[in-house]
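# Notes for the structure review
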Amino acid sequence: MRFLSTLTIAALVATASAAALAKPAAEPASPTQAQIVAARKASFTMSAGIVAAMKHTIDADEDVNKWAFGARGLSAWAAALPAMFPAGSNITGSEALPTVWSDNAGFRAIAAKYSEDAAKLSDLAKANDKPGFAAQWAVVRADCESCHKTYRTK
Ligand code: HEC
């Protein structure tokens, strides 16, 4: 009997470990506000990297067709970014001003303009239109500034 019960315990332990393996500790269904703020900051930082690297290409008078993909990424991020500012996400560590929520229509309008302008930038890159790309790059860059002026602390 003692042998059997040892086997039974071993079987139970094996079953329990298999169950534990099958069900890893799940993330909560929705990200926390802190995770959302970290994700949007990371996306903004990556966009700043892309925009700065584009400027190097312009200044060096290199082909711009390599930026079709990056500009498309900026456009997609611009379209997605308003959703990354849910109510209550103006937590400590965020530089978003309360105007993001009090004037949400204005915030969304600039994001929509940024998305369209970056899509145009992608088309100009695809066509390898160097002067057109340089001019449109300045338009996109101005979208960053116009939003930060009203909706970001610095
Ligand atoms: C529609 C408004 C809007 C547009 C357009 C916009 N930003 Fe921002 N940006 C913000 C806000 C709001 C924050 C603050 C986010 C936070 O701290 O929660 C921010 C933060 C940032 C940060 C700081 C990230 C960090 O780690 O703290 C960088 C860098 C940045 N933006 C770059 C850019 C660049 C480059 C562009 C244009 C290509 C751009 N942004 C366009 C609203 C915008």
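Quick note: structure is the one above.
Before going into details, it helps to say that this report is about the structure given with it. Each chain carries its own residue numbering, running from 1 in the direction its sequence is written. Note on the predicted model: pLDDT of at least 70 is required for a residue's local features to be given, and 80 or more for side-chain atom pairs to be given and counted; whole-chain, interface and lining totals, by contrast, use all residues. Hydrogen atoms and water are omitted, and side-chain values are computed over all heavy atoms in the structure.

## Description of the site of the ligand
Residues are counted as near a molecule or strand when any one of their heavy atoms sits within 4 Å of it. Near the ligand there are 19 residues, and of these Ser94, Glu95, Cys144, Cys147 and His148 occur at the shortest range. The contact in question runs from an oxygen atom of the ligand to an N or O atom on the side chain of Ser94, over 2.6 Å. One of the side-chain N or O atoms of His148 is found 2.9 Å from a nitrogen atom in the ligand. Of the pockets mapped on this structure, the ligand occupies the largest pocket. Think of it this way: any DSSP run of H or I at least four residues long counts as a helix, any run of E at least two long counts as a strand, and we number them from the N terminus. Only helix H2 (33-59), helix H5 (104-126) and helix H6 (130-151) provide two or more residues apiece to the shell around the ligand. By residue number, the principal contributor to the shell around the ligand is H2, which donates six residues. Distance and chemistry together define a polar contact, namely a pair of N or O atoms within 3.5 Å, with one atom able to donate a hydrogen and the other to accept it when in protein, and with adjacent residues in sequence counting only for side-chain atoms on both sides. Whether a set of points on the 1 Å grid over the protein atoms alone is a cavity depends on a 1.4 Å probe fitting there but being unable to get out, while an open set qualifies as a pocket with protein on both sides within 12 Å along at least five of seven lines; lining residues are those with an atom within 4 Å of a point. For a cavity or pocket, the test is whether more than half of a molecule's atoms lie within 2 Å of its grid points; if they do, the molecule sits there.

## Here's the deal with the packing of aromatic side chains
Aromatic rings from Phe, Tyr and Trp, with only the six-membered ring used for Trp, were paired whenever their centres fell within 6.5 Å, and each pair was classed as stacked if the ring planes differed by under 30 degrees, edge-to-face if by over 60, and tilted otherwise. Throughout the structure, instances matching the rule amount to five aromatic pairs. Ring centres of Phe44 and Trp77 lie 5.1 Å apart, and the angle between their planes is 80°; this geometry places the pair in the edge-to-face category. A residue pair is termed long-range when its members are at least 10 positions apart, and Phe44 in helix H2 and Trp77 in helix H3 (residues 68-80) qualify at 33 residues. The exposure class assigned to Trp77 is buried, which follows from its relative accessible area of 12%. Seen from their ring centres, Phe107 and Tyr151 are 5.2 Å apart, and the 70° between their planes marks the pair as edge-to-face. Of the two residues, Phe107 sits in helix H5 while Tyr151 sits in helix H6, which places them 44 residues apart along the sequence. In this scheme, Lys NZ or Arg CZ marks a charge over a ring once it lies within 6 Å of the ring centre and within 35 degrees of the ring normal. A cation sits over an aromatic face here: Lys55 above Trp137, 5.8 Å from the ring centre. Exposure classes here rest on a 1.4 Å probe applied to the protein chains alone. A residue is buried below 20% of its type maximum, exposed above 50%, and partly exposed in between.

## Regarding the coordination of the iron atom of the ligand
Atoms are scored as donors when they are N, O or S and lie within 2.8 Å of the metal, with 3.2 Å used for Na, K and Ca; no water is included, so coordination may look incomplete. What the protein offers the iron atom of the ligand as a donor is a single atom, His148 (NE2), at 2.1 Å. Summarising the element assignment, His148 is placed in helix H6.

## Some thoughts on the layout of surface pockets
Of the voids in this model, the largest pocket is the one considered here, and its volume is about 640 Å³. As for the largest pocket, its lining consists of 28 residues, of which Phe44, Thr45, Ser47, His148 and Arg152 are closest to the centre. When residues of the lining of the largest pocket are traced back to their parent elements, those giving at least two are H2, H5 and H6. With nine residues, H2 is the single largest residue contributor to the lining of the largest pocket. Along the lines of polarity and charge, the residues of the lining of the largest pocket split into 17 nonpolar, four polar and seven charged. Grid points are joined across faces, edges and corners, and a volume is the space filled by probe spheres set on the points. All amino acids are sorted into three groups, where Ala, Val, Leu, Ile, Met, Phe, Trp, Tyr, Cys and Pro are nonpolar, Asp, Glu, Lys and Arg are charged, and the leftover types, Gly among them, are polar.

## What to know about the environment of Trp67
With respect to the helices and strands, Trp67 occurs in the loop between H2 and H3. Between the alpha carbons of Trp67 and Leu124 there is a distance of 9.2 Å; along the sequence they are 57 residues apart. Setting aside its immediate chain neighbours within four residues, Trp67 contacts Ile50, Ala53, Met54, Thr57, Ala125 and Phe133. Every residue pair with non-hydrogen atoms within 4.5 Å of one another is taken to be in contact.

## Observations regarding the pattern of salt bridges
One speaks of a salt bridge when a side-chain nitrogen belonging to Lys or Arg is within 4 Å of a carboxyl oxygen belonging to Asp or Glu. Counted according to the given criterion, the structure contains eight salt bridges. With a shortest N-O distance of 2.8 Å, Lys55 and Asp59 are connected by a salt bridge. With a gap of four residues between them, Lys55 and Asp59 both fall in helix H2, about one helical turn apart. For Arg141, the salt bridge identified is with Glu145, shortest N-O distance 3.0 Å. Of this pair, Arg141 and Glu145 both sit in helix H6, four residues apart, which is roughly one turn of that helix. On the basis of relative accessible area, Arg141 is assigned to the partly exposed category, the value being 32%. Taking relative accessible area as the criterion, Glu145 reaches 42% and is therefore assigned partly exposed. Where salt bridges share partners, they join Lys113, Asp117 and Asp143 into one cluster.

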